[in-house]
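Letter by letter, the chains look like this.
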Amino acid sequence: MTSVSTPGPGDEVDRIVAAWQRERPDLDVEPLEVLSRVSRLARHLDRARSAAFAEHDLESWEFDVLSALRRAGAPYELSPGQLVTQTLVTSGTMTNRVDRLTARGLVQRLPDPRDRRGVIVRLTPAGRATVDDAFAGLLAREHDLLAELDATDRQELAGLLRRLVLPFDSR
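Residues numbered from 1 in each chain as written. Predicted model: local features only at pLDDT ≥ 70, side-chain atom pairs only at ≥ 80, totals over all residues. Heavy atoms only, no water.

Enquirer: Help me understand the overall build of the protein in this model?
Expert: In terms of regular secondary structure, the protein is built from seven helices and three strands. Counting from the amino terminus, helix and strand elements in the protein follow one another as α-α-α-β-α-α-β-β-α-α. Its C-alpha radius of gyration of 21 Å places the protein more than 25% over the 16 Å reference for a compact globule of 171 residues. Taking the principal axes of its C-alpha atoms as reference, the protein extends roughly 65 × 30 × 25 Å. Put simply, the protein has 171 residues, and 26% of those count as buried. Of the contacts made within the protein by residues no fewer than 6 positions apart, 48% connect residues no fewer than 24 positions apart. If you sum the accessible surface of the protein, you get close to 11,700 Å²; carbon and sulfur atoms cover 55% of it. The distance from the centre of the 24 positive side-chain charges to the centre of the 27 negative ones in the protein is 6 Å. (Helix = DSSP H or I, 4+ residues; strand = E, 2+ residues; numbered from the N terminus. Rg over C-alpha atoms; globule rule 2.2 N^0.38 Å. Buried < 20%, exposed > 50% of the residue type's maximum accessible area, 1.4 Å probe, protein only. Contact = heavy atoms within 4.5 Å. Areas by Shrake-Rupley, 256 points an atom, 1.4 Å probe, with all protein chains shown as cover. Lys, Arg positive; Asp, Glu negative; His and termini not counted. Charge placed at Lys NZ, Arg CZ, Asp CG, Glu CD.)

Quick look at the structure:
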């Protein structure tokens, strides 16, 4: 039940861990060393993403839908069901989101050539330009968040986080 010792000044998590160790020495608070930092970093990442998207007049959910379409490759289209799968929302929520993006001229609905009853959601040229610009802005902010780590540390951290996330992704 010891705190990870690192050179340099402590952070807020170090203070939280020390306080819990003092107040509850009977508990192993080691998970706080990692997961509280992940949680705090996630909040900083959310703020950075929101700021990057706001510069392009986008909400996070709009970026999620537009980027799913952009990653699909030319002609940048997916079925609503595929969008639901990629963005982890309900079909009703996706219908609302596609309606709103269509009204903004960022996507269009087209008949599905493989299913007369179905539709395809396609990124418009304006949608593509918007998501490309927003993605570049996002990456600049994310590079800033990782600036304290060199390339080797970033790769190691990515690998460790992958190991933690993989069991959740396979559920």
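Enquirer: Sorry, what's going on with the UniProt feature "domain: HTH marR-type" (unreviewed entry) in the protein here?
Expert: Following the UniProt record, one finds the feature "domain: HTH marR-type" (unreviewed entry) at residues 31-166. As annotated, residues 31-166 comprises 69% helix and 12% strand, and the C-alpha atoms at either end are separated by 18 Å. (UniProt positions renumbered as here; feature names shortened; annotations may be inferred.)

Enquirer: How should I be thinking about the packing of helix 3 (residues 60-71) against helix 4 (residues 80-87) in this particular structure?
Expert: Geometrically, a packed helix pair is captured by the angle between its two axes and the distance between the axes. Here helix 3 crosses helix 4 at 115 degrees, and the two axes come no closer than 10 Å. With respect to helix 4, the element helix 3 is oriented roughly perpendicular. The two elements helix 3 and helix 4 cross, and the hand of that crossing is right-handed. Across from Asp-64, Val-65, Ala-68, Leu-69 and Arg-71 in helix 3, the residues of helix 4 making contact are Leu-83, Gln-86 and Thr-87. By residue class, the composition of the contact of helix 3 with helix 4 is four nonpolar, two polar and two charged. (Axes fitted to C-alpha atoms, helices over the stretch in contact; angles between N-to-C directions. Parallel < 35°, antiparallel > 145°, perpendicular 65-115°, else oblique. Left-handed = near helix turned anticlockwise from the far one by under 90°. Nonpolar A, V, L, I, M, F, W, Y, C, P; charged D, E, K, R; others polar.)

Enquirer: Help me understand the pattern of salt bridges, please; the structure alone is not making it clear to me.
Expert: Working definition: two side chains of opposite charge can pair if their charged atoms are close together. On inspection of all chains with the given rule, the structure shows 16 salt bridges. Across the pair Glu-62 and Arg-104 runs a salt bridge whose closest N-O atoms are separated by 2.7 Å. Of the two residues, Glu-62 is situated in helix 3 and Arg-104 in the loop between helix 5 (91-103) and strand 2 (107-112); the sequence distance between them amounts to 42 residues. Under the relative-accessibility criterion, Arg-104 is labelled partly exposed at 35%. Its salt-bridge partner being Asp-112, residue Arg-114 comes within 3.7 Å of it at the nearest N-O pair. Relative accessible area serves as the criterion here: at 68%, Arg-114 is assigned to the exposed category. (Salt bridge = Lys/Arg side-chain N within 4 Å of Asp/Glu carboxyl O.)

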